[in-house]
Amino acid sequence: MTISLTAPVLDKRVVRPMANVPKWTPPLDPDALRHVLKRVAAWTPLDVEAIFDDLDTTIGNQPPPEAAIPALVERLRSYLKRLSTIAVADTKFPPTDEMAQLIERGRSMQDARLPDDHQEAVGMARCMAFVTSDLVEKLIEGRYIKDVA
């Protein structure tokens, strides 16, 4: 019995590119592709449940502890920035006037310095939380993001 080590030839036709079809080129150069990869690798999904937890901590019956305020304010700033980006991301579906107002209010708070006084810091955190709460509510209503299931 003889075993053949060559593959059978099925078709001898050669496929030639069509003359009128342009050669495909990638949409980004290697540096831009590396940048995209870096951004995708660093991406974390929006945790709406964590947003609601921080809103509850900030707006709840008890003021947040003094030691927790700086980290809480930073998270609220981050939420405002991410939610604002989501609201304006799709030019086919621009934000409503109400969303635009909330985005603008949030932007004015994002760079504000955290007050040294605890009560003023709590007030600032609560203002940010109310804007964040309203914006996340509008984004859920508009189906820009999903509610916590």
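Up top you'll find the structure we're talking about.
What this report covers is the structure whose coordinates are included nearby.

Reading the values: the criteria
- Residues numbered from 1 in each chain as written.
- Predicted model: local features only at pLDDT ≥ 70, side-chain atom pairs only at ≥ 80, totals over all residues.
- Heavy atoms only, no water.
- Axes fitted to C-alpha atoms, helices over the stretch in contact; angles between N-to-C directions.
- Helix = DSSP H or I, 4+ residues; strand = E, 2+ residues; numbered from the N terminus.
- Parallel < 35°, antiparallel > 145°, perpendicular 65-115°, else oblique.
- Left-handed = near helix turned anticlockwise from the far one by under 90°.
- Contact = heavy atoms within 4.5 Å.
- Patch = residues over 30% accessible without salt bridge, like charges linked within 9 Å, V, L, I, M, F, W, Y side chains within 5 Å.
- Areas by Shrake-Rupley, 256 points an atom, 1.4 Å probe, with all protein chains shown as cover.
- Salt bridge = Lys/Arg side-chain N within 4 Å of Asp/Glu carboxyl O.
- Buried < 20%, exposed > 50% of the residue type's maximum accessible area, 1.4 Å probe, protein only.

### Considering the packing of helix H3 (residues 69-88) against helix H5 (residues 118-141)
Angle between the axes and distance between the axes: these two values describe a pair of packed helices. Where H3 contacts H5, the two axes come as close as 10 Å, and the packing angle between them is 25°. When the axes of H3 and H5 are compared, the pair comes out roughly parallel. Crossing angle aside, the handedness with which H3 passes H5 is left-handed. Touching Ile69, Val73, Leu76, Arg77, Tyr79, Leu80, Leu83, Ser84 and Ala87 of H3 are His118, Ala121, Val122, Met124, Ala125, Met128, Ala129, Val131, Thr132, Leu135, Val136 and Leu139, all from H5.

### Examining a nonpolar patch on the surface
Judged by side-chain polarity, Leu28, Leu33, Val36 and Val40 come together as a nonpolar surface patch covering roughly 320 Å² of accessible area. Turning to its location among the elements, Val40 is positioned in helix H1 (residues 30-42). Note on Val40: relative accessible area 56%, which makes it exposed.

### Some words on unusual backbone geometry
Unlike most non-glycine residues, Arg143 shows phi in positive territory, near 60°. Along the chain, the position of Arg143 falls in the segment after H5.

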